[in-house]
Amino acid sequence: MVATEHILQELNPPQREAVTASAGPLLILAGPGSGKTRVIAHRIAYLVDREGVAPWRILAVTFTNKAAREMRGRVVAHLGDAALDVALGTFHSVCARLLRVEADRIGLPRSFAIYDDADQMALIKRVTEGLNIDPKRFSERAILSTISRAKSELVSPRAFAGSASDYFGELVARSYERYQALLEENSALDFDDLIVKTVEMLREHEAIREKYQERFLHVLVDEFQDTNVAQYQLARILAARHGNICVVGDPDQSIYSWRSADIRNILNFERDFPAARIVLLEQNYRSTQNILDAAHAVISGNQQRKQKSLWTERGGGEPIAVFEAYDETEEAEFIAREIARLLGEDGWAHRDFAVMYRTNAQSRAIEEALMRAGIRYQLVGGTRFYERREVKDVLAYLRLVHNPYDLVGLTRVLNVPGRGIGAKTAQQVERWAQTLGVPVYTALQILVAQESGSQPAGLPDAGRHPVAARQAKAIVEFVGLLDELMGVAAKNNLSTLLDGVLERTGYRRYLFDEFEDAEQRWENVEELRNVAADYDGLAPGNGLVSFLEDVALISDADTIADEGEAPSEGRVTLITLHSAKGLEYRAVFIIAMEEGVLPHVRSFDDPGQMEEERRLCYVGMTRAKERLYLLRAFRRYAMGSSQHNPPSRFLRDIPPQLIAQQSAVTEASERRYQAPAPRIDARPPVPEDAVFSGGEKVRHPRFGEGIVVACVVANGDQELTIAFKGEAGIKRLLLSLAPLERM
DNA sequence: CGCCGTACGGTTTTT
DNA sequence: CCGTACGGCG
């Protein structure tokens, strides 16, 4: 508690202002590395410690669950266990909790399922099928993303239909309505619904609204530039009673507009709260001046932005290293070598390094190189654990036990492991359910009743089911299996339930019968069981609910190993630029600085999206504390074939004097592609006849025949990277010293 | 009706 | 290169 005073001493004046601003709306515009996480944590501590606010009356919303955990850790460090009562989480997790608590009062099934991207896709497929929409003319993904955008802007199906002006709009309007109906039938909410339903709840139920408005004396929102309209409205409603809303963001780091994040929220905030106090945090505590200058040069290319001054006391630092490799293998090998080299120096640990890329698929080459070099790494995201088939199967059973109306889960495992209920039968049942106007699970129950010759109370009187005898028998068994598992769930902890699922379905045997890589898959199932065991302390029903909720709302950034691992245990981080937001590393490698990758080809025809690519690059660059490496490859393999990408426009925006060594890998080949990249002026002359270029065959007296894969011009010499055919492998040689012969 | 083989198409980012 | 869609066989 006494800590507060000396904490305030450590802060610079704007930070102190942000922490101690007493009441009312507050907008903090924070540059990268300005210590904003620290400031929010301090502010929470300050409110409790100095202003006497009860911790449970503070709501702080972060972007990822990991950020929430980190925030909680910081606040607990200041306040002790009292801080555990602060309401902390992502918008989605906070909403899920509120909806679960209020479910009965607002007529929402308490056991609603949460649908992720893949589940939504499965649902929208049914919608377009039902509406006879040709997926070749109108992609399901486009329809879904239009629906999602409407929901993030709090546009109801009815309102959307009213404003639809073209044919596509009509189709989406019809799909939207049907999609929502289907979600309801499944007792499911998608990610957007979590927010939308919460806003609706607060708008329509006065008692509930007043309860929470009264409770939350202070509302704080981090990463405000990445909130969508619905999320902003939610924060506004919650803060309306007391008017204490503090939002923190950086327009230059807005990288989620494709997920309907709306940068205009920042402008609207100033409009909605004219009395808002605005604090600028412009001092950077993270990066060296060179890194900051380079990043600034890149972000300055955006037209739509407010100029901002960023400064640091950290001095010049190392120049930015730009490396041009022959292909992605060499790019990766350069990184592995550089990391190995720095690890050999004093004070560097694995966790000091991160390799960042635009798309998940790019991690592959890096992984291979690090593996070959024996460098430990952790891959963030990629083929995510919870997206693996075997994990999804087991989860689907758990979801069904929790909510048997979940049609997506049901169709997933109806015939997994195979029990003779094929697609045809599933379709028959679904059609039948539709004509009866009941959920598929209810139809299955009726079928079971009919098979046993009875008609239990509470189920609609229906015509005879359309399923053939053999398949009907299999369905009876399947429904029996679910019943049995629900019985297990009611009385046992989560891992017992999961064991029950595996045992009764014979899932292990199924894996080993059907898959080559069954070992690996079974390991994943066991890993899932380990996670589930963490919930065994909870009451039977609660364990399952919390587990499913956490699984649905977990993000890949949440899986990053926390600090606290022994230094020797650290790992190099491989991460997408998007996921890297909010993180920092001593050394950062950004790969594939190429036109078409970063900026991504999909942004070429839209200036707005191009600006977002630039911000993405800026986010990546500003993750670096001490060293920043920007890499590109002359050729890159993607989807089987090789392609050539010109250097990224963002590279050209960086002043040459900030760049250490301009590596020139494939000059000769490069010229053929007329790449106009600016070169460092003071490049020392190299004797013309001595210049080797990529692809040339050479002979070395000791290493034998090889191919030049890269050459770097430096200090009047050339450093050649040569792949030799024999034992020697890949070597780096100086032109002036190596007795090389052109072949 | 279900299962297994081959051809083809589509590929950003994620709470 | 990977997963899905379709066609023939048991």
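Note that the structure is predicted; figures quoted are calculated from it, not measured.

Trainee: Would you take a moment to explain the sheet that holds strand β1 (residues 26-30) for this structure?
Mentor: Strand pairing in a sheet relies on backbone hydrogen bonds, with the paired strands running either antiparallel or parallel. Pairing is parallel in the open sheet, where 6 strands are placed in the order β3-β2-β6-β7-β1-β8. The open sheet terminates on both sides in strands that have one partner only, identified here as β3 (87-90) and β8 (277-281). Each strand of the sheet is rotated relative to its neighbour by a mean of 15°, with strand direction disregarded. Where β1 and β8 come together, 5 bridges link them in parallel fashion. Paired with Leu 26 across the two strands is Arg 277, which belongs to β8.

Trainee: Would you mind going over the nonpolar core with me for this structure?
Mentor: One recurring pattern in soluble globular proteins: nonpolar side chains tend to sit buried together. Within the largest apolar cluster, 55 residues are counted, with the highest numbers of intra-cluster contacts made by Leu 398, Phe 478 and Phe 547. Per-element accounting of this core gives the leading share, 10 residues, to helix α21 (residues 469-491). Counting residues in hydrophobic clusters, the runner-up holds 42 residues, among them Ala 96, Phe 112, Leu 234 and Ala 239.

Trainee: Quick question: what am I supposed to make of the packing of helix α17 (residues 389-402) against helix α22 (residues 494-505) here?
Mentor: At a minimum axis separation of 10 Å, α17 and α22 run at an interaxial angle of 115°. The angle between the axes of α17 and α22 places the two elements in the roughly perpendicular class. As α17 runs across α22, the sense of the crossing is right-handed. Contacts between α17 and α22 involve Val 394, Tyr 397, Leu 398 and Val 401 from the first element and Leu 497, Leu 498, Val 501, Leu 502 and Thr 505 from the second. Class assignment of the residues belonging to the contact of α17 with α22 gives a composition of 8 nonpolar, 1 polar and no charged.

Trainee: Would you take a moment to explain the pattern of salt bridges for this structure?
Mentor: Pairing is possible between side chains of opposite charge, provided their charged atoms come close. Taken as a whole, this structure holds 45 salt bridges when the rule is applied. With its nearest N and O atoms 3.1 Å apart, the salt bridge here joins Lys 36 to Asp 222. Taken together, the residues Lys 36 in helix α3 (residues 36-49) and Asp 222 in the loop between β6 (218-221) and α12 (229-239) connect sequence positions 186 residues apart. Here Lys 36 matches Asp 222 in class, with each residue buried. Where Glu 368 meets Arg 364, a salt bridge forms, and the shortest distance between an N and an O atom there is 4.0 Å. Of this pair, Glu 368 and Arg 364 both sit in helix α16 (residues 363-373), 4 residues apart, roughly one helical turn. Residue Arg 364 is classed as exposed on the basis of its relative accessible area, which comes to 60%.

Rules of the game
- Residues numbered from 1 in each chain as written.
- Chains lettered and ligands numbered in written order.
- Predicted model: local features only at pLDDT ≥ 70, side-chain atom pairs only at ≥ 80, totals over all residues.
- Heavy atoms only, no water.
- Pairing = 2+ DSSP bridges.
- Helix = DSSP H or I, 4+ residues; strand = E, 2+ residues; numbered from the N terminus.
- Axes fitted to C-alpha atoms, helices over the stretch in contact; angles between N-to-C directions.
- Core = buried A, V, L, I, M, F, W, Y, C linked by side-chain atoms within 4.5 Å.
- Buried < 20%, exposed > 50% of the residue type's maximum accessible area, 1.4 Å probe, protein only.
- Parallel < 35°, antiparallel > 145°, perpendicular 65-115°, else oblique.
- Left-handed = near helix turned anticlockwise from the far one by under 90°.
- Contact = heavy atoms within 4.5 Å.
- Nonpolar A, V, L, I, M, F, W, Y, C, P; charged D, E, K, R; others polar.
- Salt bridge = Lys/Arg side-chain N within 4 Å of Asp/Glu carboxyl O.

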